[in-house]
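Structure at a glance
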Amino acid sequence: MKISEVRSHLLKFTVGIAGAGGLGSNCAIALARSGVGTIIIADYDIVEALNLNRQYYFTDQIGKMKTEALRENISRITHDVKVVTHQMTLDRLNIVEAFRGCDVIIEAFDNSEMKEMLIETIQTKMAGIPLIVGSGMAGWGKTNAIICRRIDDSLYVCGDEATEVSEDLPPLAPRVGIVANMQANIAVEILMNKK
Amino acid sequence: MMRIVLNNREEELCRESMTVSEMLIFKKFSYRMRIIKINGNLIPKENYDSTVIHDGDDVQMLYLMSGG
């Protein structure tokens, strides 16, 4: 398939991204470059200097809302993609509304309790919409421990499912970027198989 | 004796049935954040004590680690 055909196919679809940190920002960029038509991004946070070790933002964006900074960065890459932003903290009550109409949803939180809340909400209230979770990407090395696992048609997990971020095991650009791009890759695969 | 599929692997458990909580203890799965699906249905954490796993069930479990 030619790249123009891939792009015109992906243009028809919408992907939701819950969180615009290390996973969400890098995943959004990969999806935008691929030509996904609409990307819905939800995050409550602002860009901080400490984020720049792995998140797709720049020094002159420190202090900006992540959703707006990401919209800006995507617009510097392509104007084909429609970016919808929700400047909010996602919870059990607003997730369904925020991601209504999405063909695929990416879980891109950092906190495991938030991951659980999002998965439970989407899998019960938006059953059938494929959800791609990131779990286990702390530290460095162990490249081949990072895998994609298909639980069923509506749930995929990317990561090593073992390493947890802590003071001694920080998240770094390489492993976080691998997982973010794996999530984007699964999303593209699902969409390419969709009529 | 019951046979289940746990993360795509066949397992024999020497009981007729067990709850999700009992299975976690029986398999010595230590406490971590996790998602459990039985036959494609997500089981909320508050239902682990009341949800029974039966012979032939397909149980999927994934671990949730902080970081992202």
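Residues numbered from 1 in each chain as written. Chains lettered and ligands numbered in written order. Predicted model: local features only at pLDDT ≥ 70, side-chain atom pairs only at ≥ 80, totals over all residues.

Thoughts on the overall build of chain B
The helix and strand inventory of chain B stands at 1 helix and 7 strands. Ordered by position from N to C terminus, the α and β elements of chain B give β-β-β-α-β-β-β-β. Considering only intrachain contacts with a sequence separation of at least 6, the fraction spanning at least 24 residues in chain B is 57%. (Helix = DSSP H or I, 4+ residues; strand = E, 2+ residues; numbered from the N terminus. Contact = placed C-beta atoms within 7 Å.)

What to know about the interface of chain B and chain A
Listed by partner, the interface residues are 14 residues for chain B and 31 residues for chain A. Counting residues per element, the side of chain B that touches chain A draws most heavily on strand 7 (residues 58-63) of chain B, which supplies 3 residues. The residue makeup of the side of chain B that touches chain A, split by class, is 8 nonpolar, 5 polar and 1 charged. (Nonpolar A, V, L, I, M, F, W, Y, C, P; charged D, E, K, R; others polar.)

Quick notes on the sheet that holds strand 4 (residues 34-38) of chain B
All names here are of chain B. The 5 strands are arranged 2-1-7-4-5 in an open sheet whose pairing can be described as mixed. The open sheet has two edge strands with one neighbour each: strand 2 (9-13) and strand 5 (41-42). Pairing of strand 4 with strand 5, which is carried by 2 bridges, proceeds in the antiparallel orientation. Bridge pairing in strand 5 links K37 to L42. (Pairing = 2+ DSSP bridges.)

What to know about the environment of A:K194
The residue A:K194 is located in the segment after helix 6 (173-192) in this model. As a C-alpha pair, A:K194 and A:R100 span 94 residues in sequence and 18 Å in three-dimensional space.

These results come straight from atomic positions and should not be treated as a statement about function.
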